[in-house]
Amino acid sequence: MRTPARVLTLALSFVTMFVAGSAAALADAPVGSSTWPNEDDKSSLDLLILFGGGTVGLFVIISLFALLTARNNYVPPPPSTELETTGDHTPAHH
């Protein structure tokens, strides 16, 4: 599948889901003003817990998942006391 076909497939999928979601939302719309019961207004603390708590909870879950899946596979070699030579470079004696 080529790139234009993939983009077209993605766009058509989005449009299809958008239309289907809109139709479902319209089906659940109230008919009159008295069909839904009046809901009490939420306080600022309720809204802060609802939105802030969800955001903080998601941040904590993602951080824990990152900590659990992080791996430190590199183990450096132990230090060596031997000198490594590269080639036949010997000091010249004068």
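Residues numbered from 1 in each chain as written. Predicted model: local features only at pLDDT ≥ 70, side-chain atom pairs only at ≥ 80, totals over all residues. Heavy atoms only, no water.

## Thoughts on the packing of aromatic side chains
Any pair of aromatic rings gets described here by the distance separating the centres and the angle formed by the planes. For the structure shown, the criterion picks out one aromatic pair. Between the aromatic rings of Phe14 and Phe18, the centroid separation amounts to 6.2 Å while the plane-to-plane angle is 25°, which identifies the pairing as stacked. In this pair, Phe14 and Phe18 both sit in helix 1 (residues 3-27), four residues apart, roughly one turn of the helix. In terms of burial, Phe14 and Phe18 fall into one category: exposed. (Phe/Tyr/Trp six-rings, centres within 6.5 Å; stacked < 30°, edge-to-face > 60°. Helix = DSSP H or I, 4+ residues; strand = E, 2+ residues; numbered from the N terminus. Buried < 20%, exposed > 50% of the residue type's maximum accessible area, 1.4 Å probe, protein only.)

## Details of a nonpolar patch on the surface
Taken together, the side chains of Val56, Phe59, Val60, Leu64 and Leu67 make up a nonpolar region of the molecular surface, amounting to roughly 530 Å² of accessible area. Along the polypeptide, Leu67 turns up in helix 2 (residues 44-69). For Leu67, a relative accessible area of 65% gives the class exposed. (Patch = residues over 30% accessible without salt bridge, like charges linked within 9 Å, V, L, I, M, F, W, Y side chains within 5 Å. Areas by Shrake-Rupley, 256 points an atom, 1.4 Å probe, with all protein chains shown as cover. Salt bridge = Lys/Arg side-chain N within 4 Å of Asp/Glu carboxyl O.)

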